[in-house]
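Working through the structure, step by step
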Amino acid sequence: MPAEGETRGFRNPILPGFHPDPSICRVGSDHYLVTSSFEWFPGLPIFHSRDLVHWRPLGHVLDRPAQLALDGIRPSGGLYAPTIRHTRGTFYVICTLVDGPARSGHFVVTATDPAGPWSDPHWLDGEGFDPSLLFDDDGRAWFTASRLTGRYEGHAEVWLREFDPGNLKLVGDEHVIWDGAAKGAVWSEGPHLYRVDGRYYLLTSEGGTEHDHAVTVARADRIAGPYEGAARNPILTHRHLGLDHPIVGTGHADLVVTGTGEWWMVLLAMRPSGGYFYNLGRETFLTPVRWEDGWPVAGPVEDVHPAPELPACRWPAEPACDHFDAPSLAPYWNVLRTPREPFWSLAERPGHLRLRLRPESLTDLASPSLVARRQQHLRFAAHAALDFTPRGDGECAGLALVQNHDFHILLVVTARGLRLVWRADGVDTVLAEEPIAPGRVHLAVEAHEQEYQMRYATEPGRWRRLGGPVDGRILSSPVAGGFTGAYVGMYASANGAQSTNVADFDWFEYTGLPDERS
C-alpha cells in the first residue's frame, strides 16, 4: 500500500507482448478486454480486471476448431480488431476474419459469461474491417466499420448501420459518417461510437498502424451525423516525438469509464529496441482521459502513470515454470492456425507435453507441431527439458522463436546433433551444430534486446553456448512484415515425411529479466 498522501502508480504496458487492437467494456466493477490474434489459435484472448491495471486471462473467445477456420491463413491474416460490448446480461464480441479459407468478413459471437462458452459465429453483411457496436440509451444498437474507398491509396471511410441484437444481423439504411480528420488522411480505422451527455462521439485512428498512428475524435448530435472533428485532433499521437522515443505507434484506442466516473483509454503501441525494431509486436497500454470543452483529451502515454482511483486487485501470480501436470494447456499457450488433429497430448506421458512429429513444418502455411507463448519482455530467458531421439535425417524437435514462416530461429535436436538455424526471407542458415548423445537435453534461449543466445545442457546445470549471440531483429515486424509479435515455444517436425515419433517436454520455463540499465 502507498504511504498516506502517496499516489499509487502502474507501469505500461498493462498487457506486454503481442496484444494489439484492445477493446474494453465494464460491467459493474469488472472490466473485460479482448485483443486481436490474427493467425494464432485459440483466437481472441480475453482478460478480466477490477482495477484496470492487473489483468488475468479468462481464456479465448474462439477456442473450438469448429467455430472458425484459420486453415492456411497467411501470416497476419485471420482475426482483426475485435470489439467487446455488454448489454442486458449478454456479452458481444464482433470481429473481422481476413482472407479466410472458406469465408471472410464480419461476424459476431455472444456469451452470458465472458469466460465462455461463446457461440458459433453469426456472419454479418457489409464490407471492410475493424467492426464495433454501440448499444444506445434508447435500446437501439448500431454497427460501425471501416472500409477502403479507392479514391486514393489508403483512403478509408467509416460507415454505420443499425444492428438487430435479437436476430444478430444488420438492418436499415447505411450511412457513411467519417473519412478522417486530416486532409489526405489514410487508414481511418478502429471506429468506436459512444454516447456521452446526449452527444455521439466517434473515436477512430488514422495514419496507418506504424509510427504515424494517431487517435482522433468527432462528435454529432445524431447517430448518423453530421460529425464534426475536434479542432485539436489528433487527441493522442507519438509520431511527433521521434523515432527514438521509447513508446511509438500509439493508436487503435477504446474508451471506458469506471464506476467512480474516471475515463481511461486502452490502446496499442510499440516499444522499439536495438534500433527501430519491436520484437514484442503491438502491446496494450493504458492512459488517463479527461474532458475539456466537450472533447476527450489523452496522452502522451507514459511508462509510469498514477493508477485509477479503484481498489487494487492483484490476481495470484502464475508460476514461471509449466510442468504440464494440468489436464489442459494454460491459456497463454497458442498454436498456429486451426489444429485439425490432436498433435499434442498432456495425458499420454503424464507430466509431459508430448508433440507428434508430422510432415508439417514452420515453413509451411499450416498448423505445425508447435506450442508457443508470446515473448513479453525485451530481456527474457526460456528453458525447457526435452526427451527426444530422432529416427530419421529430417526429424527435429526443440525450441522455436517465431515471427512467421519465413522469419524464425530454431534450436533443435536432429539426427546429426544439436542445430541452430536462423531463417530470414525464407532462407535457412545453419549458424552452429554440436553432436550430442541421444536422450534428455536441456535447451535455453536468453535474450537481451536484440541479442539472443542459445544454450544447452546434457547434464543439469552444466550449460554450454551453442554459437554466438543471434541477431533477433528478424523477429520484428519492420523486418519480417505483418502485425504480430514474436513467440517462443516447443516444436517438432518430420519435415515432409511421415513419422510415428514423438518429442516429450518435461517442463518449460519463461522468465523476464531485469533491465541492466536501471
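Residues numbered from 1 in each chain as written. Predicted model: local features only at pLDDT ≥ 70, side-chain atom pairs only at ≥ 80, totals over all residues. Heavy atoms only, no water.

1. Focus: the overall build of the chain
The line we're drawing: By definition, any uninterrupted DSSP run of H or I lasting at least four residues is a helix, any uninterrupted run of E lasting at least two residues is a strand, and each is numbered from the N terminus. Here the radius of gyration uses the C-alpha set of atoms, whereas the globule reference equals 2.2 Å times the residue count to the power 0.38. Exposure classes here rest on a 1.4 Å probe applied to the protein chains alone. A residue is buried below 20% of its type maximum, exposed above 50%, and partly exposed in between. By definition, residues are in contact when any of their heavy atoms lie within 4.5 Å.
Scanning the chain from N- to C-terminus turns up one helix and 40 strands. Its C-alpha radius of gyration of 23 Å places the chain within 12% of the 24 Å reference for a compact globule of 518 residues. With the C-alpha coordinates aligned to their principal axes, the bounding extent of the chain is approximately 75 × 55 × 45 Å. In the chain, buried positions account for 57% of the 518 residues. In the chain, once contacts between residues fewer than 6 apart in sequence are set aside, the share between residues at least 24 apart is 58%.

2. A look at the pattern of salt bridges
Which entries qualify depends on this criterion: For salt bridges, the criterion is a side-chain nitrogen of Lys or Arg within 4 Å of an Asp or Glu carboxyl oxygen.
The final tally for this structure, using the stated rule, is 39 salt bridges. Linking Arg462 and Glu459 is a salt bridge whose minimum nitrogen-to-oxygen distance equals 3.4 Å. Each of Glu348, Arg349, Arg354, Arg356, Asp387, Arg440, Asp504 and Asp506 takes part in a single network of salt bridges with overlapping partners.

3. Concerning the environment of Pro311
Residue placement: Pro311 occurs in the loop between strand E24 (304-306) and strand E25 (321-322). What Pro311 contacts, discounting residues up to four positions off in sequence, is Arg8 and Asp51.

4. Here we look at the sheet that holds strand E20 (residues 248-257)
Heads up, the condition is: Criterion used throughout: strands pair if DSSP finds at least two bridges between them. To get an axis, fit a line to the C-alpha atoms, keeping to the stretch in contact for a helix; angles then go from 0 to 180 degrees between the N-to-C directions.
Taken together, the four strands give an open sheet; going across it, the order is E20-E21-E22-E23, and neighbouring strands pair in antiparallel fashion. Two strands in the sheet have a free side with no partner beyond their single neighbour: E20 and strand E23 (295-298). Neighbour-to-neighbour, the strand axes of the sheet open up by a mean angle of 35 degrees, direction not taken into account. Looking at chain direction, strand E22 (residues 283-292) and E23 are connected through four bridges and run antiparallel. What sits directly across from Glu292, in E23, is Trp295.

5. Topic: unusual backbone geometry
In this structure, Pro42 follows Phe41 across a cis peptide bond, with omega equal to -5 degrees. Within the secondary structure, Pro42 sits in the loop between strand E4 (40-41) and strand E5 (43-49). With an omega of 5 degrees, the peptide bond running from Gly116 to Pro117 counts as cis. By secondary structure assignment, the location of Pro117 is in the loop between strand E9 (105-111) and strand E10 (122-123). A positive phi angle, near 55 degrees, is found at Phe324, a position not held by glycine. Locating Phe324 in the fold gives a position in the loop between E25 and strand E26 (335-336). Unlike most non-glycine residues, Asn495 shows phi in positive territory, near 50 degrees. For Asn495, the location among the structural elements is in the loop between strand E39 (487-493) and strand E40 (502-512).

6. Quick look at the environment of Gly472
Among the structural elements, Gly472 can be located in the loop between strand E38 (470-471) and helix H1 (477-480). It is 8.5 Å that separates the C-alpha atoms of Gly472 and Ile409, two residues lying 63 residues apart in sequence. If sequence neighbours within four positions are ignored, Gly472 has contacts with Asn279, Gln450 and Tyr452.

7. Some points on the sheet that holds strand E6 (residues 56-62)
As summarised here, the arrangement of the four strands in space is E2-E3-E5-E6, forming an open sheet in which the pairing is antiparallel. At either margin of the open sheet sits one strand with a lone partner, and together these are strand E2 (23-27) and E6. Neighbouring strand axes in the sheet, compared pairwise and without regard to direction, differ in orientation by 25 degrees on average.

8. Some remarks on the side chain of Arg354
In plain terms, the rule: Pairs of N or O atoms within 3.5 Å make up the polar contacts considered here, provided that, within protein, one atom can donate a hydrogen while the other can accept it, and that residues adjacent in sequence are counted only when both atoms are side-chain atoms.
Following the sequence through the fold, Arg354 ends up in strand E28 (residues 353-356). Within the structure, Arg354 has its side chain in polar contact with the side chain of Asp504 (distance 2.7 Å).

9. Observations regarding the pairing of strand E8 (residues 90-98)
Counting buried residues along E8, eight of its nine residues qualify, which places the element largely inside the surrounding structure. In this antiparallel pair of consecutive strands, strand E7 (residues 78-87) and E8, the connection spans two residues, and Arg88 shows a positive phi of 50 degrees. Bridge count between E8 and E9: seven bridges; the pairing is antiparallel. In the strand pairing of E9, Ile94 is matched with Val108. Between the end of E8 and the start of E9, which pair antiparallel, lie six residues, with Asp99 showing a positive phi angle near 60 degrees.

10. Comments concerning empty space enclosed by the protein
Cut-off, in case you're wondering: A cavity here means a set of 1 Å grid points, computed over protein atoms only, where a 1.4 Å probe fits but cannot escape. A pocket is an open set with protein on both sides within 12 Å along at least 5 of 7 lines, and lining residues have an atom within 4 Å of a point. Grid points are joined across faces, edges and corners, and a volume is the space filled by probe spheres set on the points. Each residue is assigned to one of three groups, with Ala, Val, Leu, Ile, Met, Phe, Trp, Tyr, Cys and Pro labelled nonpolar, Asp, Glu, Lys and Arg labelled charged, and all others, Gly among them, labelled polar.
This structure, assessed with the given rule, holds four cavities of 30 Å³ or more. Space inside the largest cavity adds up to approximately 50 Å³. Lining the largest cavity we find Glu39, Trp40, Leu336, Arg337, Leu362, Asp364, Val402, Gln403, Asn404 and His405. At three residues, strand E31 (residues 396-404) tops the list of elements feeding residues into the lining of the largest cavity. A per-class count over the lining of the largest cavity returns four nonpolar, three polar and three charged.

11. Section: the packing of aromatic side chains
This is how the line gets drawn: Ring pairs shown here join Phe, Tyr and Trp side chains whose ring centres sit within 6.5 Å, with only the six-membered ring taken for Trp; geometry is labelled stacked below 30 degrees between planes, edge-to-face above 60, and tilted in between.
Going through the model one piece at a time under the given rule, you end up with 23 aromatic pairs. With centroids separated by 5.8 Å and ring planes inclined at 35 degrees, the aromatic side chains of Phe38 and Phe483 adopt a geometry described as tilted. One end of the pair, Phe38, is in the loop between strand E3 (30-34) and E4; the other, Phe483, is in the loop between H1 and E39, with 445 residues separating them in the sequence. Given a relative accessible area of 29%, Phe483 falls into the partly exposed group. Here the aromatic rings of Tyr92 and Phe163 are separated by 6.3 Å at their centres, their planes lie at 90 degrees, and the arrangement is edge-to-face. A residue pair is termed long-range when its members are at least 10 positions apart, and Tyr92 in strand E8 and Phe163 in strand E13 (residues 156-164) qualify at 71 residues. The class of Tyr92 is buried, set by a relative accessible area of 7%.

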